[in-house]
Amino acid sequence: MKFATFNTNSIRARLPILLDWLKRESPDILCLQETKVQDQDFPLEPLEQFGYHAAFRGQKSYNGVAILSKSPLQDPRLDLFEEGDEQARFISGTIDSISIINIYVPQGSQVGSDKFQYKLKWLQSLHDHIANRYEPDAPLLVAGDFNVAMEDRDVYDPDGFRGGVGFHPEEQALMGKFFKWGLVDIFRKHTTEAEQYTFWDYRIPNGFKRNMGWRIDYILGTVPMAEKSSAIWIDTHARGLKKPSDHTFLVTSLNV
DNA sequence: ATGGTCGGCAACCGA
């Protein structure tokens, strides 16, 4: 089984890249973030023509998540918070008896801002949601754009970023709670290599060419899932075409 | 060479 995640930064702008990649890689499940499209405008038909079911929640201009899959998503849930979400950042369900959670964590703007506090609250709420509703010995994958890098080897300028948004100890401590609960960073299960990034800021001139990136997209799995992962790789196909995304595809093979 | 990020969506916000 091939499982992947990709921040599209607009699914409509990235549709040629996305369809090309689906044709080439034929993943069983693909989690998408920042679709930036309202549900009535979601490009369902071309995806169905490629043999995919799609579950999605969008909103105007910002955010938006989707799960594409060859088998339909069962028991879909579209809200993290019990009272319902104001922002489209969460979608979960079950496929072939594997629980899937796809998330787009708030970016956080600046340390100390209201948006930063919301990011911390969101991460804590995601942790509590998982701890209250899932078991660490059951099959669960949590994938998406976490907007947090964990270690020096995961960013191109650790000393420059330390204490800033995306590389702040409070964010990292909240990420640490996921690992303590029992989730495994599947990328780090397979390699200790540094400078392996999934995101390059558009605003850095030639940032991709100079590999000035961050590893902020993850596939996390409970131990039974991590044990079934035979490989994981960063696929920069999304950077090769005319309208590159600022993120890449992150893909893992699972023996299920 | 005389600029220099994107996308959404209609003036800027968010990343």
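Refer to the structure printed above.
A.B. asks: I tried to follow the sheet that holds strand E13 (residues 229-235) on my own but got confused; where do I start?
C.D. replies: Backbone-to-backbone hydrogen bonds pair the strands of a sheet. The strands run either parallel or antiparallel. What the six strands build is an open sheet, ordered E3-E4-E2-E1-E14-E13; its pairing is mixed. The strands lining the two open edges of the sheet, one partner per strand, are strand E3 (53-57) and E13. Neighbour-to-neighbour, the strand axes of this sheet turn through a mean angle of 15°, independent of strand direction. Bridge count between strand E1 (residues 2-7) and strand E2 (residues 29-33): five bridges; the pairing is parallel. Counted as the bridge partner of Asn7 is Gln33 from E2.

A.B. asks: Any chance you could explain helix H1 (residues 15-25) here in plain terms?
C.D. replies: An α-helical turn contains 3.6 residues, so a residue and the one three or four places further along point in the same direction. Restricting attention to buried positions, one finds in H1 the residues Ile17, Leu18 and Trp21. Taken around the axis of H1, the buried residues stretch over an arc of 95°, which confines them to a single face. For H1, exposure combined with an orientation more than 90 degrees from the buried face picks out Pro16 and Lys23. Looking one or two residues beyond H1, the residue adopting positive phi is Ser26, at roughly 45°.

A.B. asks: For this particular structure, what's the right way to read the sheet that holds strand E9 (residues 183-185)?
C.D. replies: The mixed open sheet is built from six strands, whose spatial order is E5-E6-E7-E8-E12-E9. At either margin of the open sheet sits one strand with a lone partner, and together these are strand E5 (74-77) and E9. For this sheet the average axis-to-axis angle between neighbouring strands, irrespective of direction, equals 20°. Where strand E6 (residues 90-95) meets strand E7 (residues 98-104), six bridges bridge the pair, whose relative direction is antiparallel. Counterpart to Phe90 in the pairing with E7 is Ile103.

A.B. asks: Can you walk me through the pairing of strand E14 (residues 249-254) in this structure?
C.D. replies: Looking along a regular strand, one sees side chains alternate from face to face of the sheet. Taken across its six residues, E14 has five buried, putting it largely inside the fold. When E1 meets E14, the two strands line up antiparallel, connected through four bridges. Within the sheet, the bridge partner assigned to Ala4 lies in E14 and is Val251. One ladder, built from six bridges, connects E13 with E14; its direction is antiparallel. Bridging from a neighbouring strand, Ala231 pairs with Ser253 of E14.

A.B. asks: In this structure, what is going on with unusual backbone geometry? I would like to understand it.
C.D. replies: Excluding glycine, a negative phi dihedral is what most residues carry, and trans is how most peptide bonds are arranged. The backbone of Asn63 sits at a positive phi, close to 60°, despite the residue not being glycine. Within the secondary structure layout, Asn63 lies in the loop between E3 and strand E4 (65-69). Not every positive phi belongs to a glycine, and Ser97 is a case in point at roughly 70°. Its location among the elements puts Ser97 in the loop between E6 and E7. Under the C-beta neighbour-count criterion, Ser97 is labelled exposed, with 9 such atoms within 10 Å.

A.B. asks: Is there a simple way to think about the pairing of strand E8 (residues 140-145) in this case?
C.D. replies: In terms of burial, E8 is a largely internal element, six of the six residues being buried. In this fold, E7 hands off to helix H3 (residues 114-133), which returns the chain to E8; that crossover is right-handed.

A.B. asks: Looking at this structure, I do not really get helix H5 (residues 169-181). What am I missing?
C.D. replies: With 13 residues, H5 should reach 18 Å at 1.5 Å per residue; the first-to-last C-alpha distance of 18 Å fits that figure. Listing the buried residues of H5 in full gives Glu171, Leu174, Met175 and Phe178. Along the axis of H5, the buried positions cluster into a sector of 100°, meaning they face one direction only. Projecting away from the buried face of H5 at angles above 90 degrees are the exposed residues Pro169, Ala173 and Lys180. In this structure, the buried residues of H5 make contact with H3, E9 and strand E12 (217-222). Of the residues one or two after H5, Gly182 is the one with positive phi, at around 140°.

Here is what the cut-offs are and how they apply
- Residues numbered from 1 in each chain as written.
- Chains lettered and ligands numbered in written order.
- Predicted model: local features only at pLDDT ≥ 70, side-chain atom pairs only at ≥ 80, totals over all residues.
- Pairing = 2+ DSSP bridges.
- Helix = DSSP H or I, 4+ residues; strand = E, 2+ residues; numbered from the N terminus.
- Axes fitted to C-alpha atoms, helices over the stretch in contact; angles between N-to-C directions.
- Buried ≥ 20, exposed ≤ 12 C-beta atoms within 10 Å, placed from the backbone.
- Arc of directions from axis to C-beta.
- Right-handed = clockwise from strand over helix to strand, strands pointing away.
- Expected span 1.5 Å × (residues − 1).
- Contact = placed C-beta atoms within 7 Å.

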